Every structure is written in structure tokens, then in C-alpha cells.
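Below are the chains, spelled out letter by letter.
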Amino acid sequence: MSASAAAVFRSLGNANYRLWAAGAFVSNVGTWVQRTAQDWLVLTELTQHNASAVGVVMALQFGPQLLLLPWTGFAADHFNQRKLLMLTQATMGGLALALGVLTVTGLVQLWHVYVFAFLFGCAAAFDAPVRQTFVAELVGDEDLPNAVALNSTSFNAGRMVGPAVAGLVIASIGTGWAFVINGASFVAVLGSLFLLRTHALHSSARASRAKGSLLAGFRYVWNRPDLRTILIMLFLIGTFGLNFPIFISTMAVGVFHADAGGFGLLSSVMAVGTVAGALLAAGRDRPRFVSLPVGAGVFGLGCTLAAIAPGYWLFGGALVVVGIAAMTFTNTTNSLMQLSTEPAMRGRVMAIRVAIALGGTPIGAPIVGWVADNFGPRWALGIGAASGFAAALVALRHLAGRHGAFQSRH
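Please read these numbers as outputs of a predicted model, since none were measured by experiment.

Caption draft 1: How the structure looks around helix α6 (residues 81-104). Its 24 residues place the ends of α6 34 Å apart at the C-alpha level, agreeing with the 34 Å of an ideal helix rising 1.5 Å per residue. The N-cap residue of α6 is asparagine 80: its side-chain oxygen and the backbone nitrogen of arginine 82 are 3.1 Å apart. Directly after α6, the chain includes glycine 106, whose backbone phi takes a positive value near 80 degrees.

Caption draft 2: Local environment of helix α12 (residues 244-255). Counted residue by residue, α12 has 9 buried out of 12 residues, so it is predominantly covered. Looking only at α12, the buried set comprises Phe244, Ile246, Phe247, Ile248, Ser249, Thr250, Met251, Ala252 and Val253. Looking at the residues trailing α12, positive phi occurs at histidine 257, about 55 degrees.

Caption draft 3: Quick look at the packing of helix α11 (residues 225-240) against helix α15 (residues 312-339). For the pair α11 and α15, interaxial distance at closest approach is 11 Å and the crossing angle is 150 degrees. The angle between the axes of α11 and α15 places the two elements in the roughly antiparallel class. The chirality of how α11 crosses α15 is left-handed. Contact residues: Leu227, Ile230, Leu231, Met233, Leu234 and Ile237 in α11; Phe329, Thr333, Leu336 and Met337 in α15. Class assignment for the residues of the contact of α11 with α15 results in 9 nonpolar, 1 polar and no charged.

Caption draft 4: Region of the structure containing the packing of helix α2 (residues 15-45) against helix α7 (residues 110-139). Closest axis-to-axis distance for the α2/α7 pair is 13 Å, and the angle between their directions is 160 degrees. Comparing the axis directions of α2 and α7 gives the class roughly antiparallel. The element α2 and its partner α7 pack so that their crossing is left-handed. Contacts from Asn16, Tyr17, Trp20, Gln34, Gln38, Leu41 and Val42 of α2 reach α7 at Leu110, Val113, Phe120, Arg131, Phe134, Leu138 and Val139. Looking at the contact of α2 with α7, its residues break down into 10 nonpolar, 3 polar and 1 charged.

Caption draft 5: Fine view of a nonpolar patch on the surface. A grouping of Phe25, Val26, Met160, Val161 and Val272 is seen on the molecular surface, where their side chains present a nonpolar patch of about 350 Å² in accessible area. Of all the secondary-structure elements, those providing two or more residues to the nonpolar patch are α2 and α8 (144-172). Mapped onto the fold, valine 272 is located in helix α13 (residues 260-282).

Caption draft 6: Layout of the side chain of glutamine 89. Relative to the helices and strands, glutamine 89 is located in helix α6. Within the structure, glutamine 89 has its side chain in polar contact with the side chain of aspartate 127 (distance 2.8 Å).

Caption draft 7: Spotlight on the nonpolar core. Among the nonpolar cores identified, the biggest contains 114 residues, and Tyr17, Trp20, Phe134, Leu138, Phe299 and Phe315 are the most heavily contacted of them. The contact partners of phenylalanine 134, leaving out residues within four places of it in the chain, are Trp20, Gln81, Arg82, Leu85, Leu193, Leu196 and Leu201.

Caption draft 8: Main features of empty space enclosed by the protein. Applying the stated criterion across every chain, the model contains 3 cavities of 30 Å³ or more. In this structure, the second largest cavity occupies an estimated 100 Å³ of space. If you go around the second largest cavity, the residues you meet are Pro145, Val148, Ala149, Ala281, Arg284, Asp285, Arg286, Pro287, Arg288, Asn331, Thr332 and Ser335. Of the residues belonging to the lining of the second largest cavity, the class tally is 5 nonpolar, 3 polar and 4 charged.

Caption draft 9: Local environment of the packing of aromatic side chains. Counted under the stated rule, the structure contains 10 aromatic pairs. Ring centres of phenylalanine 74 and phenylalanine 79 lie 6.0 Å apart, and the angle between their planes is 85 degrees; this geometry places the pair in the edge-to-face category. Judged by its relative accessible area of 34%, phenylalanine 79 falls in the partly exposed class. Through pairs of rings, three or more aromatic residues link up here, namely Phe256, Tyr312, Trp313 and Phe315. The ring of tryptophan 32 has arginine 35 lying over it, and the distance from NZ or CZ to the ring centre is 4.8 Å.

Caption draft 10: Structural view of unusual backbone geometry. Of note in this structure, histidine 49 is not a glycine but carries a positive phi near 55 degrees. Following the sequence through the fold, histidine 49 ends up in the loop between α2 and α3 (51-62). For histidine 49, a relative accessible area of 47% corresponds to the partly exposed category. For histidine 257, which is not a glycine, the phi torsion comes out positive at approximately 55 degrees. Within the secondary structure layout, histidine 257 lies in the loop between α12 and α13. When its relative accessible area of 63% is taken as the criterion, histidine 257 is described as exposed.

Caption draft 11: Quick peek at the environment of arginine 159. Note that arginine 159 resides in helix α8. In this structure, arginine 159 is in contact with Trp32, Phe244, Ser267, Ser268, Met270, Ala271 and Thr274, ignoring residues within four places of it in sequence.

Caption draft 12: How the structure looks around the environment of glycine 254. By the element assignment, glycine 254 lies in helix α12. Sequence separation between glycine 254 and histidine 49 is 205 residues, and the spatial gap between their C-alpha atoms is 7.8 Å.

Quick notes on the rules
Residues numbered from 1 in each chain as written. Predicted model: local features only at pLDDT ≥ 70, side-chain atom pairs only at ≥ 80, totals over all residues. Heavy atoms only, no water. Helix = DSSP H or I, 4+ residues; strand = E, 2+ residues; numbered from the N terminus. Expected span 1.5 Å × (residues − 1). Polar contact = N/O pair within 3.5 Å; in protein donor to acceptor, adjacent residues only side chain to side chain. Buried < 20%, exposed > 50% of the residue type's maximum accessible area, 1.4 Å probe, protein only. Axes fitted to C-alpha atoms, helices over the stretch in contact; angles between N-to-C directions. Parallel < 35°, antiparallel > 145°, perpendicular 65-115°, else oblique. Left-handed = near helix turned anticlockwise from the far one by under 90°. Contact = heavy atoms within 4.5 Å. Nonpolar A, V, L, I, M, F, W, Y, C, P; charged D, E, K, R; others polar. Patch = residues over 30% accessible without salt bridge, like charges linked within 9 Å, V, L, I, M, F, W, Y side chains within 5 Å. Areas by Shrake-Rupley, 256 points an atom, 1.4 Å probe, with all protein chains shown as cover. Salt bridge = Lys/Arg side-chain N within 4 Å of Asp/Glu carboxyl O. Core = buried A, V, L, I, M, F, W, Y, C linked by side-chain atoms within 4.5 Å. 1 Å grid on protein atoms, 1.4 Å probe; cavity = no way out; pocket = protein on both sides within 12 Å on 5 of 7 lines; lining within 4 Å. Points joined across faces, edges and corners; volume = space filled by probe spheres on them. Phe/Tyr/Trp six-rings, centres within 6.5 Å; stacked < 30°, edge-to-face > 60°. Lys NZ or Arg CZ within 6 Å of the ring centre and 35° of its normal.

See the structure below:
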């Protein structure tokens, strides 16, 4: 292996991280199988191509990130992270199997999908911040940026495989079996968590139990202009830009008239970009703030190109650009916030990060879905483009202020 490749994959030299990564990859494939099947089920089987219904599902699935914020950050900072992950992963696996049974037996209705999306979102709200901070326990702070980037590579490699698998499963044996496959995939990550060498974990400082701990987290973030800027950018792009289930499904079905296989392939094509972006991040030694306006600006450009793409494959090419930019942006925010935060505050700060990034979905997804229904999918992508450009301006304003402060001191 070359020196550059060794640098990109250095966290895999850690036995615990290798175990975690193997189990997580299988589960990530299952997650993308389910996400693709869920969008297809709602858009083509339970409604007549209703993008607003897809937006409602997204709102219910990501709303709990904001709704449960007082408890999710507390749990990540105070409880045993490995055991909490085992509980959340088992819960999500059970929910996937239950939705699969309902769909396979032909009993599923739209309101069932709404309920399961909300329950899945509640479990994921506890899972996300602890899963992100648990990486530091696996590899320590020195390799944290690399491990965060490799986690994203695994998630998006699953995004390459999962939608294509979902398309084949839906076409051959039915949508319900895609949910069953996802439920079964959680066995892999649960097995990896069970087999971890607990004595080799890098235990970090745990927060003391005290009233107002979440408010302390908000005060900590508010008093840090860099963190405050990152969260504003995350809100803009997370709320109005990261609505890919709506963007891709409405463009695939409404503009290019693709079948389930064509829809799944577009999601996989986008994942080529997200994997490339994650690997580029893994090769960097340290995250830099200047990557944020670049990532946000290119995200806006990619969404613009996708909105005006005249054909299926040119649209797919634009999605690759969007994927690279989205990963550059989100991975940099993750690593910057973790590395610049005191260990005892990390769980709460990362819970706030996830809540801001995903909690805006109940606002953005229904709006984007409504725009897609009433003005067309291309206009919905225009909203995503605007979010990227606006976030880039926020970052540039912060950098200009920082530069001005430096000049005044000298």
C-alpha cells in the first residue's frame, strides 16, 4: 500500500475500528435499501406521485432530532456509548422488520409509513450523536478526522450499493422485502459492537450530571463565533439543500420517467460523488474552516447544474458534483466541531449539530415537496442551490470578520 493510501485508511489499523467499520458497512447498505424503498413506496404505490407526502415522511423522520434534543445530548454525554448504540441499533432493526411485514402482507397504508418514520426518527435521534462521538472512543483524537471521514465513506459506499439493490429487490420480489433486508442488516453492526475489545477503547471525560446541562451546551456554542457560523450554515443546507429523496425521486419519476431501477441507479450515481468526497476528506491531516465556503459554494453550483440538466445522465453527472461538495461540507463541520470542543461537552455539541442539520427538515422538506408538486422538480432543486450559495456567504462573512479582527490587533 502506498504512503498516501496508508494515510487515507490509517484508522483501519485499529482493530476495534475495523470491527466497527465492517458491521457498519453492512448496516449502511441496508439503510439505503430501506430509504430508497420507502421513497418509492410512498411516491408510486401509496400515492399518485405526491412529492408532498415524501416531504411529510422526511419531516416525521428527522423532526425528532430537534424534538428530543434535551435528552439525546444528555444521553450521549452521560451514558455508556457502546450499550446505548446497541439499544438504538436493535430498535431500528426491529422497526424495519415490522414495516417489512406490513408491506409484504399487503396491509401497509400511508399513515403506517408516517408512524414508522416518526418512530425510526426517535431511535435515530438518540443514535446519531452517540454514533458520531463514539468514533473518538474507538480511535482517539489523533485519528478522529480520518475516522470520521472513513465513516462517511462507509455510509456513502452503502449509498452506492443500497439503492441499486433496492431497485432489483422491488422489481423482483416487492418493496416490503427491502425493509426486511434492512432489518436483518442490523445484526452485523450489533455483532461488531458485541465483539469490540472494551479495554482498548479510548475513554473520554464524561459530563457530570447537573441541571441545565443542555443550556450549558447552547451557551458554549453561542459564545464560539466559529461554531455559531457552522451551525447557521448547517441549518441552511440541512433544511433546504439535503432533500435528496425529494430531488431525485421527483426528477427520476416526473421528469425522466424512470422505473424503480432507474430511480435506484440515480441514488447510486450520486453516491459515487459522496464516496469521492469522503475519501478526499480522509486524506487530509486536519480539517480547515476554509473548506466550508468552498464546499457550500460548489454544492450550490452542483444543484444549479442538476436543475437545468436536459437529460438523465447529465443529471446523474451533476449529482456526482453535489455529492462531492456535500461530503466536503458535512465532514468538515463534523471534524471541526468535535476537535475544537471540550471532551465533556462533545455529546451535547454534536447533538445540537445533528438537531440543526436534520431538525430543519420538518420545515424544508414539505416546502421543497410543495414546490416540486406545484412548480416542478427543477424549481425545487433551485431552492437547494440557493441554500448552498447562502451558506457560502455566511462563511465568507465570518472569515472576513476574523481577518478584520486580526488586522485590528496588528
